[in-house]
Amino acid sequence: SQTIHQWPATLVQPVGSPLSLECTVEGTSNPNLYWYRQAAGRGLQLLFYSVGIGQISSEVPQNLSASRPQDRQFILSSKKLLLSDSGFYLCAWSPTQQGSGGYTFGSGTRLTVV
Amino acid sequence: SQQGEEDPQALSIQEGENATMNCSYKTSINNLQWYRQNSGRGLVHLILIRSNEREKHSGRLRVTLDTSKKSSSLLITASRAADTASYFCATVSGTGANNLFFGTGTRLTVIP
């Protein structure tokens, strides 16, 4: 069965420090991968998505970047965190062909920039 | 915007009652999905209804879709305290990887 792992679960980082959040998917090949951010009590904002290795699309201009070094690995990074980067970050995957299923989400990372 | 909007934003009911949440959207869709999110956790896919379907059931969940009104509803029957969570609708339009758009969610509290 397919599983998605996202870590760490919580992270407290000082302003100006780097960031690396990792997401891996098991049990499927060539998934579409996504990074979302969720502000407190709000909906999800799509940050990046990827349809293949090295293929990254950005939805909003920001202080973050994403990379997909392997088929089932998706990394969210920043060189220098800002206070406004605080939030709840979610990784998700979907089949390349949208069928009868929805997206599968990781358990999320709570990032607090201090 | 293609993003859906849930109504109400928050709902509080007694255990055993039914909970109804609504979602409205603006563009034509391929399908509409409902997700649940427990506090501080990831989203869990509950149910998908295609644009040519009007109603779908899954356990205590009943989803309806009215494409003429561009709206959907999620009904949870015989609610339980464990149903307390945020519920999001998401619409899929067109093709490609970036075609899922989430609403802002309804926060459901079921009081034991």
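The structure under discussion appears in the preceding block.
All of the points below concern the structure found in this document. (Residues numbered from 1 in each chain as written. Chains lettered and ligands numbered in written order. Predicted model: local features only at pLDDT ≥ 70, side-chain atom pairs only at ≥ 80, totals over all residues. Heavy atoms only, no water.)

## Some thoughts on the layout of surface pockets
Residue and element names in this part refer to chain B.
Item 1. Of the voids in this model, the largest pocket is the one considered here, and its volume is about 360 Å³.
Item 2. Within the residue set of the lining of the largest pocket, elements represented by two or more residues are β9 (85-92) and β11 (106-111).
Item 3. Here the lining of the largest pocket is built from residues that sort into 4 nonpolar, 11 polar and 3 charged. (1 Å grid on protein atoms, 1.4 Å probe; cavity = no way out; pocket = protein on both sides within 12 Å on 5 of 7 lines; lining within 4 Å. Points joined across faces, edges and corners; volume = space filled by probe spheres on them. Helix = DSSP H or I, 4+ residues; strand = E, 2+ residues; numbered from the N terminus. Nonpolar A, V, L, I, M, F, W, Y, C, P; charged D, E, K, R; others polar.)

## As for the sheet that holds strand β7 (residues 61-66) of chain B
Residues and elements named next belong to chain B.
Item 1. The antiparallel open sheet is built from 5 strands, whose spatial order is β1-β3-β8-β7-β6. Every other strand in the sheet has two partners, leaving β1 (5-7) and β6 (55-58) as the edge strands with one partner each. Here the strands of the sheet are splayed against their neighbours by 20° on average, with no regard to which way each runs.
Item 2. Judged from the 6 bridges that link them, strand β3 (residues 19-24) and strand β8 (residues 71-76) form a sheet pairing that is antiparallel. Following the sheet pairing, Ser 24 is matched in β8 by Ser 71. (Pairing = 2+ DSSP bridges. Axes fitted to C-alpha atoms, helices over the stretch in contact; angles between N-to-C directions.)

## Observations concerning the environment of Val 110 of chain B
Residue and element names in this part refer to chain B.
Item 1. By the secondary structure assignment, Val 110 is in strand β11.
Item 2. The exposure class of Val 110 is buried, given its relative accessible area of 4%.
Item 3. Separated by 68 residues in the primary sequence, Val 110 and Gly 42 place their C-alpha atoms 20 Å from one another.
Item 4. For Val 110, the contacting residues outside a window of four places in its chain are Ile 13, Gln 14, Glu 15, Ser 79, Arg 80, Ala 81, Asp 83 and Thr 84. (Buried < 20%, exposed > 50% of the residue type's maximum accessible area, 1.4 Å probe, protein only. Contact = heavy atoms within 4.5 Å.)

## Some points on the interface of chain B and chain A
Item 1. With 19 residues of chain B in contact, the opposing surface of chain A contributes 23 residues.
Item 2. Here chain B and chain A share an interface that buries about 1500 Å² over both sides, 54% of which is from carbon and sulfur atoms.
Item 3. When residues of chain B are sorted by the area they lose upon contact with chain A, Leu 43, Ala 97 and Asn 98 of chain B head the list and together hold 31% of the total.
Item 4. The interface formed by chain B and chain A includes 0 salt bridges.
Item 5. Considering each element in turn, the side of chain B that touches chain A owes the most residues, 4 residues, to strand β5 (residues 43-50) of chain B.
Item 6. Considered class by class, the residues forming the side of chain B that touches chain A number 7 nonpolar, 10 polar and 2 charged. (Buried area = accessible area lost by both parts, 1.4 Å probe. Salt bridge = Lys/Arg side-chain N within 4 Å of Asp/Glu carboxyl O.)

Read these as layout, nothing more, since geometry by itself doesn't imply function.
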